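This is what each chain is made of:
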Amino acid sequence: MSALTQQCDRLPPATRAFVVAAFLETFTWAGLLARMFLKYVTGTTDVGVRISGSPHGGMFFMYLALVLITAVTLRWPWS
């Protein structure tokens, strides 16, 4: 087992969910940016923005919820 795997195994479940949500939110945001480039810069199509916008929005709200859950679980300071 690698050192990174051992470190991940010691993380609380809320933290692991937070990390996964952060990566997924990043990928949906990158997809949305690529599709916005196609819509606004090249002017080819706007279908991609409608398709990728909803998953990105949903993932963003899930990420925000997990930020709050992780902050409470790990007792992050609010300041």
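Scroll up to find the structure.
Within every chain, residues take consecutive numbers counted from 1 along the sequence as written. Selection of residues for local features in this predicted model requires a pLDDT of at least 70, selection of side-chain atom pairs for listing and counting requires 80 or more, and totals for whole chains, interfaces and linings are taken over all residues. Only hydrogens and water are set aside when side-chain values are computed; all heavy atoms of the structure are taken into account.

*Asks:* How do you make sense of the overall build of the chain when you look at a structure like this?
*Replies:* Secondary structure elements follow DSSP: runs of H or I no shorter than four residues count as helices, runs of E no shorter than two count as strands, and numbering proceeds from the N terminus. In terms of regular secondary structure, the chain is built from three helices and zero strands. Shown N-terminal to C-terminal, the secondary structure of the chain runs as helices and strands in the order α-α-α. Out of the 79 residues belonging to the chain, those deemed buried represent 19%. Here the Shrake-Rupley method, with its probe set to 1.4 Å, supplies the accessible areas, and only the displayed protein chains count as covering residues. Entry remark: accessible area of the chain is about 5,900 Å², with carbon and sulfur atoms responsible for 71%. Relative accessibility decides the category of a residue: with a 1.4 Å probe and only protein chains considered, values under 20% of the type maximum give buried, values over 50% give exposed, and everything between is partly exposed.

*Asks:* Teacher, can you tell me more about the environment of Glu25 here?
*Replies:* With respect to the element layout, Glu25 can be found in helix H2 (residues 13-42). Considered as a pair, Glu25 and Met59 are 34 residues apart in the sequence and their alpha carbons are 5.5 Å apart. Any two residues having at least one pair of non-hydrogen atoms within 4.5 Å are treated as being in contact. Apart from residues lying up to four places away in sequence, Glu25 is in contact with His56, Met59, Phe60 and Tyr63.

*Asks:* Even after reading the chapter, I still don't get the environment of Tyr40, so can you show me in this structure?
*Replies:* Inspection of the secondary structure puts Tyr40 in helix H2. Residue classification places Tyr40 among the exposed positions, given a relative accessible area of 58%. Engagement of the side chain of Tyr40 in a polar contact is seen with the side chain of Lys39, the distance being 3.4 Å. Contacts described as polar in this section are N or O atom pairs within 3.5 Å, which, within protein, must combine one atom able to donate a hydrogen with one able to accept it, while residues neighboring in sequence count only if both atoms come from side chains.

*Asks:* Whenever I open this one, the packing of aromatic side chains confuses me. Can you help?
*Replies:* What characterises a pair of aromatic rings is the spacing of the ring centres plus the angle enclosed by the ring planes. For this analysis, a ring pair means two rings from Phe, Tyr or Trp (six-membered ring only for Trp) whose centres lie within 6.5 Å, classed as stacked if their planes differ by under 30 degrees, edge-to-face if by over 60, and tilted for the remaining angles. Throughout the structure, instances matching the rule amount to three aromatic pairs. Judged by centre distance (5.6 Å) and plane angle (20°), the ring pair of Phe18 and Tyr63 falls under stacked. Taken together, the residues span a long stretch of sequence, with Phe18 in helix H2 and Tyr63 in helix H3 (residues 47-73) at a distance of 45 residues. Classification of Phe18 as buried rests on a relative accessible area of 17%. Residue Tyr63 is classed as partly exposed on the basis of its relative accessible area of 24%. Put simply, the rings of Phe18, Tyr63 and Trp76 touch in pairs and so form one group of aromatic residues.

*Asks:* Whenever I open this one, H3 confuses me. Can you help?
*Replies:* The periodicity of an α-helix, 3.6 residues per turn, causes residues three or four positions apart to be oriented the same way. An ideal rise of 1.5 Å per residue puts 39 Å on 27 residues; H3 measures up with 40 Å between its terminal C-alpha atoms. Bend angle per residue: angle between axes fitted to the 7 residues ending at that residue and the 7 residues starting there. Largest kink in H3: about 30°, centred on Gly53, with the proline Pro55 one to four residues after it. Buried residues along H3 sit against H2. Immediately beyond the C-terminal end of H3, within one or two residues, lies Arg75, with a positive phi of roughly 55°. For a helix, the expected span equals 1.5 Å multiplied by the residue count minus one.

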